[in-house]
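Inside the fold
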Amino acid sequence: MIALLFVALGGLLLIGAPVAVALAGSSLVYLMASGRVPDIILIQRMVGGVDSFPLLAVPFFILAGNLMNVCGVTERIFRFADAMVGWTRGGLGHVNVGASVIFAGMSGAAIADAGGLGAVEIKAMRDKGYDVDFAVGITGASSTVGPIIPPSLPLVVYGVVASASIGQLFIAGIVPGLLIAALLMLMVAVISHRRGYPIGERFALSRLISSFLHAALSLMIPVIIVGGIVLGFFTPTESAIAAVAYVLVLATLVYRSAGWRQILSVFRETVEMTSVVLMIVAASSIFAWILTREGIPAAFAELVMSVADNPLLILLLINLILLVVGCFMETVAAITILTPVLLPLAVQAGVDPVQFGIIMVLNLMIGLLTPPLGLVLFILARVADISFYRAMRATLPFILALLVSLLLVTFIPALTLWLPSLM
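All values reported here derive from a predicted model rather than from experimental measurement.

Let's talk about the environment of Ala384
When you line up the elements, Ala384 lands in helix 19 (residues 375–384). For Ala384 and Thr139, which are 245 residues apart along the polypeptide, the C-alpha to C-alpha distance reads 11 Å. When residues no more than four places from it in sequence are discounted, the contact partners of Ala384 are Ile122, Arg126, Val132 and Val136.

Here it is, written out as structure tokens:
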């Protein structure tokens with residue numbers, strides 16, 4: 001019967017059904033064919049899958065990211081990052097990474113980074129004479145930092161599914177996120193020297209101070225989110241609400257860069273995006289429940305342990321599975337379905353659930369840069385007005401840095417667990 005579940009899922013995906021419809025539809029086919037449980041279980045499990053207080057953080061972080069893209073925050077961040085690191089050779093490449101790190105502490109989504117900040121970065125790099133391929137490649141790679149450095153929408157979903165502390169997951173992502181940024185900057189330095197990219201405007205303390213003051217209120221957003229969680233003032237959900245309230249004040253009363261029509265449009269866009277995400281979570285929850293009920297996680301763990309009993313080999317195999325799945329499946333759906341299957345196996349291999357959350361999200365973020373799904377590639381191809389194939393080829397050198405980061409995070413637990421251990 002379990003084969004029918006996967007056949008139905010594959011068939012629905014092949015005919016172009018949305019991911020949520022494919023997951024819920026295949027689950028319904030299985031329930032009707034098995035006849036062992038009432039069909040009403042489908043609705044009950046889907047409702048139960050989204051009946052979670054931590055998931056309230058999802059719409060608020062999406063709203064905060066969308067508001068920042070319309071109220072001028074992204075441009076202020078870009079100018080500050082330019083003043084900080086733009087004076088080196090290939091400076092705008094470093095600015096691209098630095099701005100993404102700062103924006104990562106606000107939005108929590110790679111797509112928000114690529115679509116909002118990415119448009120500013122690619123235009124600026126084009127205007128300064130950089131190859132558009134280089135601009136697209138580093139923009140795509142740096143956008144993956146968004147869901148690693150807190151806040152992070154995928155980590156919220158993982159925390160709910162794995163019953164892990166979302167606060168600890170957020171803190172665990174800080175060092176890996178900075179590690180990814182450092183390796184990407186190293187790649188930028190190497191490529192810039194080889195290609196002779198221009199040196200940016202000379203460093204000036206006055207310019208740095210001026211840009212900092214211009215962006216100071218915007219830079220308080222990650223302080224509110226991360227600082228509030230670390231100091232115990234907020235839960236992750238409450239920090240998301242606080243971030244939305246703060247950005248609304250900036251947009252309407254301080255910067256006055258967004259009118260009420262724009263804000264209402266952002267609210268409407270947020271409702272649409274949230275509906276998609278939570279429908280996938282709901283549909284994935286019933287699919288994951290069926291897998292667990294049929295004993296698939298235990299059977300899979302036994303199979304892997306029989307093939308590779310070495311913890312290092314198991315971790316490499318898990319990474320390989322996640323990288324392949326990330327190429328074909330939407331991030332939220334992959335987390336909801338695979339966490340019950342892979343987490344027990346990872347724990348047997350000696351991996352802490354918090355560390356595994358970072359490993360899983362980093363794998364799936366790399367999937368956003370690989371075909372056939374490649375959502376970030378589609379966005380950047382549209383922003384830069386180039387083909388999807390060209391955007392894919394442009395990101396290949398930077399994927400190497402992401403893979404090195406993945407291996408380091410996988411095999412050096414302290415990179416993720418040191419900061420949470422201090423909490």
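Next comes the rest of the account.
What about the nonpolar core?
Within soluble globular proteins, side chains that are nonpolar generally end up buried alongside one another. One finds Tyr158, Phe356 and Phe398 to be the most contacted residues of the largest nonpolar core, which totals 149 residues. Tallying contributions element by element places helix 14 (residues 260–293) first for this core, with 12 residues. Residues in contact with Phe356, not counting those within four places in the same chain, are Tyr158, Ile318, Leu342, Leu343, Ala346 and Val351.

Description of the packing of helix 4 (residues 57–70) against helix 13 (residues 236–254)
Where helix 4 meets helix 13, the axes come as close as 8 Å, and the angle between the chain directions of the two elements is 25°. With respect to helix 13, the axis of helix 4 lies roughly parallel. Where helix 4 crosses over helix 13, the handedness of that crossing is left-handed. Together, Ala57, Phe60, Phe61, Leu63, Ala64, Leu67 and Met68 of helix 4 and Pro236, Thr237, Ser239, Ala240, Ile241, Ala243, Val244, Val247 and Leu248 of helix 13 make up the contact between the two elements. Here the residues of the contact of helix 4 with helix 13 are counted per class, giving 14 nonpolar, 2 polar and no charged.

Side note on helix 11 (residues 174–195)
Here helix 11 contains 22 residues, and its C-alpha end-to-end distance of 32 Å stays within 8% of the 32 Å for a straight helix at 1.5 Å per residue. When we look at burial in helix 11, the residues that qualify are Pro176, Gly177, Leu179, Ile180, Ala181, Leu183, Leu184, Met187, Val188, Ile191 and Ser192. Residues of helix 11 that are buried sit in contact with helix 6 (91–104), helix 8 (132–143), helix 10 (166–172), helix 18 (353–367), helix 20 (388–411) and helix 21 (414–422). Positive phi appears at Gly196, one or two residues downstream of helix 11, with a value of about 65°.

Some thoughts on the layout of surface pockets
A volume near 300 Å³ is recorded for the second largest pocket. Along the wall of the second largest pocket there are 15 residues; nearest its centre are Gly49, Val161, Ser285, Ala288 and Thr336. Elements with a minimum of two residues in the lining of the second largest pocket: helix 3 (40–50), helix 9 (153–162), helix 14 and helix 17 (331–348). Residue contributions to the lining of the second largest pocket peak at 5 residues, all from helix 14. Residues belonging to the lining of the second largest pocket are distributed by class as follows: 8 nonpolar, 6 polar and 1 charged.

Calculation notes
Residues numbered from 1 in each chain as written. Predicted model: local features only at pLDDT ≥ 70, side-chain atom pairs only at ≥ 80, totals over all residues. Heavy atoms only, no water. Helix = DSSP H or I, 4+ residues; strand = E, 2+ residues; numbered from the N terminus. Contact = heavy atoms within 4.5 Å. Core = buried A, V, L, I, M, F, W, Y, C linked by side-chain atoms within 4.5 Å. Buried < 20%, exposed > 50% of the residue type's maximum accessible area, 1.4 Å probe, protein only. Axes fitted to C-alpha atoms, helices over the stretch in contact; angles between N-to-C directions. Parallel < 35°, antiparallel > 145°, perpendicular 65-115°, else oblique. Left-handed = near helix turned anticlockwise from the far one by under 90°. Nonpolar A, V, L, I, M, F, W, Y, C, P; charged D, E, K, R; others polar. Expected span 1.5 Å × (residues − 1). 1 Å grid on protein atoms, 1.4 Å probe; cavity = no way out; pocket = protein on both sides within 12 Å on 5 of 7 lines; lining within 4 Å. Points joined across faces, edges and corners; volume = space filled by probe spheres on them.

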